[in-house]
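Here is how the chains run, residue by residue.
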Amino acid sequence: MAEVKLAAQVRTEFGKGAARRTRRANLVPAVVYGHGAEPVHISLPGHDLMMALKTANVLIGLEIEGKDALVIPKAVQRNALKGDIEHVDLLTVKRGEKVNVEIAVHVEGELAPGGNLLEYVQNTLLVEAEATHIPESVTVSVAGLDAGASVLAKDITLPKGAVLAGDEEAIVLQVVAAQAEEPAAETEGEGAEA
């Protein structure tokens with residue numbers, strides 16, 4: 001996974017008014033925390049941050065007042081109507097450190113014939129991986145699975161260096177039979193005698 005470099009500015013103003021002024025300047029308020037250090041309140045360039053966050057679990061290299069910090073996004077708050085990023089919590093990581101992250105589950109292959117449907121019970125999987133080598137996703141083959149079949153977390157082959165961090169027995173995907181509606185009862189002739 002490539003590292004994205006962003007220049008950060010330390011924030012000295014706090015509260016709603018300060019956050020609004022920051023956003024009007026096309027910056028996003030953020031907090032960097034982790035490793036027992038005091039949280040650092042920063043502002044990041046809005047467009048560059050938005051582009052970086054298009055990659056799940058992106059590794060971000062920050063430059064804060066001449067110091068470098070390696071972070072991953074922990075929480076992203078978006079505007080409910082516009083979808084704009086309003087605030088980001090960033091977790092400090094070190095090279096070689098293991099972190100728990102959720103990665104996307106993708107499927108490939110065709111289910112067994114017969115009108116079966118694939119149900120995602122979980123669309124992400126919690127894994128432990130090195131902070132600098134976080135996989136973007138995992139692909140699961142559902143080729144030939146029939147109704148009643150399920151894929152457990154422990155059955156999924158993870159990318160090299162990733163270890164399952166969640167419940168091994170958790171159902172991730174399951175195949176269900178399509179339910180057909182019963183034909184409506186005919187009502188012709190009823191009520192005509194009255």
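Going by the structure above, here's the rest.
Residues numbered from 1 in each chain as written. Predicted model: local features only at pLDDT ≥ 70, side-chain atom pairs only at ≥ 80, totals over all residues. Heavy atoms only, no water.

### Overview of the overall build of the protein
Secondary structure summary: the protein contains two helices and 13 strands in total. Against the 2.2 N^0.38 benchmark of 16 Å for 194 residues, the protein shows a C-alpha radius of gyration of 24 Å, more extended than a compact globule. Along the longest, intermediate and shortest principal axes, the C-alpha atoms of the protein span 85 × 50 × 25 Å. The buried share of the protein, reckoned over its 194 residues, is 33%. Long-range pairs, those at least 24 residues apart, make up 63% of the contacts in the protein between residues at least 6 apart in sequence. Surface exposure of the protein reaches about 12,200 Å², of which carbon and sulfur atoms provide 48%. (Helix = DSSP H or I, 4+ residues; strand = E, 2+ residues; numbered from the N terminus. Rg over C-alpha atoms; globule rule 2.2 N^0.38 Å. Buried < 20%, exposed > 50% of the residue type's maximum accessible area, 1.4 Å probe, protein only. Contact = heavy atoms within 4.5 Å. Areas by Shrake-Rupley, 256 points an atom, 1.4 Å probe, with all protein chains shown as cover.)

### Concerning the sheet that holds strand S9 (residues 124-130)
Working definition: the strands of a sheet are paired by backbone hydrogen bonds and lie parallel or antiparallel to each other. Spatially, S10-S7-S9-S12 is the arrangement adopted by the four strands of the open sheet, whose pairing is mixed. For this open sheet the edge positions go to strand S10 (137-141) and strand S12 (163-164), each flanked by a neighbour on one side alone. As paired strands, strand S7 (residues 98-108) and S10 are joined by five bridges and run parallel to one another. When the sheet's bridge partners are listed, Ala104 is paired in S10 with Ser137. (Pairing = 2+ DSSP bridges.)

These figures capture arrangement, not role.
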